[in-house]
Amino acid sequence: MVPALDVREATRALDTVERRLARFDRGIGLADWAMYTGRGDERVLVRWQTERAEFLRDPAQPRLVERLAETAASATVARRTELLRRSVLDAAVEQAPEIVRLRSRLQARIVRYRPLWKGKRVGRAEVYNALRCSTDRRERERAWRAHEPLHRSLEAPLRRLIGLRNDRARAVGFRSFAELRLSYEGVPPRRLRALAHDAARPLRRLARELRIETAERTGEAGWAPWDLRFAGESRAPLPKEPFPGDLMVETVQRALRQWGIPPARLDVRIVRCDLPFGGLTVAPEIPDDVRILVHPSGGWEYYMVLFHEYGHAVHFRSVDQPTHLLRNPDLGFAGFAEGLAGVFEQVASDAAWLGTVRGLDPHAVEEFCRRQSEDAVFAAASTALGIESELRLYEHPDGDPRAAVQRLARSWFGYDAYASRSWADSFFVTHPVYYQSYLVSHLFRAQVSAAMRRETDGPLWPNRRAGPWLTGAFLSNGARFDWNERLRDVTGAPLSAEPFVATVDAAR
């Protein structure tokens, strides 16, 4: 039994710890930024992560958490204590020295990788564009497999990394690392799988219709994963010319101002460079230092990505909480953060906003928007395949998830038999047990957008009440609430796939 602290002592102790954590987290954020912009060294990132973890692993911090847990204190102190407990657990598991060293080496390899495409090393966007746009099935398959050399090289060290994560998670009382991480989100593996299957209910019908349409349009009968994105985007495409890269930032900012977002919250540093992801938001210091990385490309797809990244940035810039842990929606907020960014992302697919873009045919816009709800089902189900692969790796670290995942893919999408590619994924290294956040995002955005339209008595866009409503309901709160509870309080219902599935029926 450890002696409790009074409220004043508890507050002082938390203030001291959080000041140290703020310094560490700023260093980590700046090192991440430097590495992804090609000017950094993973050793700097490792040093900051190691120092932070050593501070949290010091026996004084777990003892403090125990004493704070005994404190009959305010709700704010109790919340800060819970967030510190998660940070101490994370330091003991994901930030253990051997995990940090291995993860950082692999992360640096991932960042430096450039796929070989048509005899030369190119940016990832070029390969991705071929997967989306090439009319040659064989070229699309090559694009789908273009990262195979990287992923094959990751398999052995990633399997070791998964084993280390599981060992550390079991040492603190969890059956696997995945169960530890999902415990923060309040969405355990069984519920996560159930949500994925609920979201995929319309999938078989939509995939069958898309396959038939594509065969009629192209004369090609084959159907495999490398056909999906091309099939979806080629049936109702938007031309690239109305979405020039040099006007992207200005255009997205103007659209968000019409959501009632104050210009100061849109004032973030933006750098355009090749990335392992579609885009990335880095926040060395919330709310004052927030930065965005996006690919140096134009076209609707990259406008959509920037709307998404601005969702993260505006979220972080809007946080209004008094201490570092309360300002940082980190452990346990992946689905929440991606869901909020997804709400912003929806503007890119809104007919009213697209109607302001010069050079677009109104009939093409109408058909494009109708198809977007169906494409969201394809995206959610594709994400669910990644979730299933990662869960199986943590449940059976020596196993190979490909056969089971391919069976699920063929059942859902109706694919022909095809040779699987590597089970390794860069996200499994750099963002472990994060895939589910993108599934949750689809469900969250549908549920929140419906509530926002209802509460503001307006359309999705333009709607100058949207920004203030989102700020009061979610953005300003940082980590003050567990997001599952907050979602229920704001929308009147727990997280569900029903509003998401309903958008598909409404669009038909």
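Residues numbered from 1 in each chain as written. Predicted model: local features only at pLDDT ≥ 70, side-chain atom pairs only at ≥ 80, totals over all residues. Heavy atoms only, no water.

Participant: Whenever I open this one, the overall build of the protein chain confuses me. Can you help?
Facilitator: Scanning the protein chain for helices and strands turns up 24 helices and five strands. The C-alpha atoms of the protein chain give 23 Å as radius of gyration, which agrees with the globular expectation for 508 residues (23 Å, within 12%). Its C-alpha atoms give the protein chain principal-axis dimensions of roughly 75 × 50 × 40 Å. Classification of the 508 residues of the protein chain by burial places 57% in the buried group. For the protein chain, the accessible surface area stands at approximately 21300 Å², while carbon and sulfur atoms represent 50% of it. (Helix = DSSP H or I, 4+ residues; strand = E, 2+ residues; numbered from the N terminus. Rg over C-alpha atoms; globule rule 2.2 N^0.38 Å. Buried < 20%, exposed > 50% of the residue type's maximum accessible area, 1.4 Å probe, protein only. Areas by Shrake-Rupley, 256 points an atom, 1.4 Å probe, with all protein chains shown as cover.)

Participant: I keep staring at the pattern of salt bridges and nothing clicks. Help me out?
Facilitator: Should the charged atoms of two oppositely charged side chains come close, the side chains can pair. Within this structure, the stated rule accounts for 47 salt bridges. When the shortest N-O distance is used, the salt bridge between glutamate 233 and arginine 229 registers 2.9 Å. On the criterion of helical spacing, the pair formed by glutamate 233 and arginine 229 is a turn pair, its members being four residues apart in helix H12 (residues 225-234). The exposure class of arginine 229 is partly exposed, given its relative accessible area of 35%. (Salt bridge = Lys/Arg side-chain N within 4 Å of Asp/Glu carboxyl O.)

Participant: Teacher, can you tell me more about the packing of helix H11 (residues 203-218) against helix H18 (residues 362-395) here?
Facilitator: Helix-helix packing is characterised by the crossing angle of the two axes and by the distance between the axes. In the contact formed by H11 and H18, the axes pass within 10 Å of each other and the chain directions differ by 115°. In terms of orientation, H11 lies roughly perpendicular with respect to H18. For the element pair H11 and H18, the recorded crossing hand is left-handed. Counted together, Leu203, Leu206, Ala207, Leu210 and Glu213 of H11 and Arg371, Glu374, Val377, Phe378 and Ala381 of H18 form the full contact between these two elements. Taken together, the residues that form the contact of H11 with H18 break down as seven nonpolar, no polar and three charged. (Axes fitted to C-alpha atoms, helices over the stretch in contact; angles between N-to-C directions. Parallel < 35°, antiparallel > 145°, perpendicular 65-115°, else oblique. Left-handed = near helix turned anticlockwise from the far one by under 90°. Contact = heavy atoms within 4.5 Å. Nonpolar A, V, L, I, M, F, W, Y, C, P; charged D, E, K, R; others polar.)

Participant: What is the right way to read the nonpolar core from this model?
Facilitator: With 170 residues, the main nonpolar core has Leu84, Trp259, Tyr310, Trp353, Leu354, Leu470 and Phe474 as its most contacted residues. Here the element with the most residues in this core is H18; it accounts for 14 residues. Those residues within four positions of tryptophan 353 in sequence are excluded, and the remaining contacts are Phe243, Thr251, Ala255, Tyr303, Phe307, Val347, Ala348 and Trp461. (Core = buried A, V, L, I, M, F, W, Y, C linked by side-chain atoms within 4.5 Å.)

Participant: Would you take a moment to explain a positive patch on the surface for this structure?
Facilitator: Together, Arg101, Arg105, Arg109 and Arg160 line one region of the surface with positive charge. No other element matches the three residues that helix H5 (residues 97-112) contributes to the positive patch. Within the secondary structure, arginine 109 is located in helix H5. Assessed through its relative accessible area of 34%, arginine 109 is described here as partly exposed. (Patch = residues over 30% accessible without salt bridge, like charges linked within 9 Å, V, L, I, M, F, W, Y side chains within 5 Å. Lys, Arg positive; Asp, Glu negative; His and termini not counted. Charge placed at Lys NZ, Arg CZ, Asp CG, Glu CD.)

Participant: Quick question: what am I supposed to make of the side chain of aspartate 425 here?
Facilitator: Within the secondary structure layout, aspartate 425 lies in the loop between helix H19 (402-413) and helix H20 (426-430). Within polar-contact distance, the side chain of aspartate 425 engages the backbone nitrogen of phenylalanine 427 at 2.8 Å. Polar contacts involving the side chain of aspartate 425 include one to the side chain of tyrosine 435, which spans 2.7 Å. Among residues more than four places away in sequence, those in contact with aspartate 425 are His151, Leu158 and Tyr435. (Polar contact = N/O pair within 3.5 Å; in protein donor to acceptor, adjacent residues only side chain to side chain.)

Participant: Would you take a moment to explain the pairing of strand S4 (residues 279-285) for this structure?
Facilitator: Looking down a regular strand, the side chains alternate between one sheet face and the other. Counting buried positions along S4 gives five out of seven residues, so the element sits mostly inside the fold. As judged from the five bridges shared by S4 and strand S5 (residues 289-294), these two strands associate in the antiparallel manner. Residue pairing for S5: leucine 280 is matched across the bridge by leucine 293. Hairpin geometry of S4 and S5 is characterised by an intervening segment of three residues between the two adjacent antiparallel strands. (Pairing = 2+ DSSP bridges.)

Participant: Help me out: how do you make sense of the environment of proline 189 in this one?
Facilitator: Among the secondary structure elements, proline 189 is positioned in helix H10 (residues 189-199). Considering only alpha carbons, one finds proline 189 and glutamate 388, 199 residues apart in sequence, at a separation of 9.4 Å. Not counting residues up to four positions away in its chain, the partners in contact with proline 189 are Glu179, Leu182 and Leu391.

Participant: Honestly, the environment of glycine 173 in this entry has me stumped. Any pointers?
Facilitator: Inspection of the secondary structure puts glycine 173 in the loop between helix H8 (148-171) and helix H9 (177-185). For the pair glycine 173 and glutamine 406, spaced 233 residues apart in the sequence, the C-alpha separation amounts to 32 Å.

Participant: Whenever I open this one, the confidence of the model for the protein chain confuses me. Can you help?
Facilitator: Detailed reading of the predicted coordinates is not advisable wherever pLDDT falls low. Here the protein chain shows a mean pLDDT of 92. Residues at 70 or above account for 98%. Helix H24 (residues 498-507) is the least confidently modelled element of the protein chain, averaging 82 in pLDDT, while helix H22 (residues 466-473) averages 97, the highest of any element. (pLDDT = per-residue confidence, 0-100.)

Participant: Just to check I follow, could you spell out the state of the cysteines for this structure?
Facilitator: When the sulfur atoms of two cysteines share a covalent bond, that bond is a disulfide. By the definition in use, this model includes zero disulfides. Cysteine cysteine 133 shares no disulfide, and the gap to the nearest cysteine sulfur, in cysteine 369, comes to 18 Å. A residue is classified by how much of its surface remains accessible, and cysteine 133, at 47% relative accessible area, is partly exposed. Judged by relative accessible area, cysteine 369 falls into the buried class, the value being 19%. (Disulfide = S-S within 2.5 Å.)

Participant: What exactly am I supposed to notice about the packing of aromatic side chains here?
Facilitator: Aromatic ring pairs: the centre-centre distance and the angle between the two ring planes describe each pair. A complete count under the given rule lists 26 aromatic pairs for this structure. With 6.2 Å between their ring centres and 85° between their planes, tryptophan 226 and tyrosine 418 make a pair best called edge-to-face. Of the two residues, tryptophan 226 is situated in helix H12 and tyrosine 418 in the loop between H19 and H20; the sequence distance between them amounts to 192 residues. The burial state of tryptophan 226 is the same as that of tyrosine 418; both residues are buried. The interplanar angle of 85° and the centroid separation of 5.2 Å between the aromatic rings of phenylalanine 307 and tryptophan 353 together place this pair among those described as edge-to-face. Note that phenylalanine 307 is positioned in helix H14 (residues 300-318) and tryptophan 353 in helix H17 (residues 351-354), a separation of 46 residues in sequence. You'll find phenylalanine 307 and tryptophan 353 in the same group, each marked buried. Pairwise contacts between aromatic rings join Trp144, Trp223, Trp226, Phe378, Phe413, Tyr415 and Tyr418 into one cluster. The positively charged end of arginine 140 is found above the aromatic ring belonging to phenylalanine 230, 4.0 Å away from the centroid. Just above the ring of tryptophan 33 sits the side chain of arginine 291; from NZ or CZ to the centre is 5.3 Å. (Phe/Tyr/Trp six-rings, centres within 6.5 Å; stacked < 30°, edge-to-face > 60°. Lys NZ or Arg CZ within 6 Å of the ring centre and 35° of its normal.)

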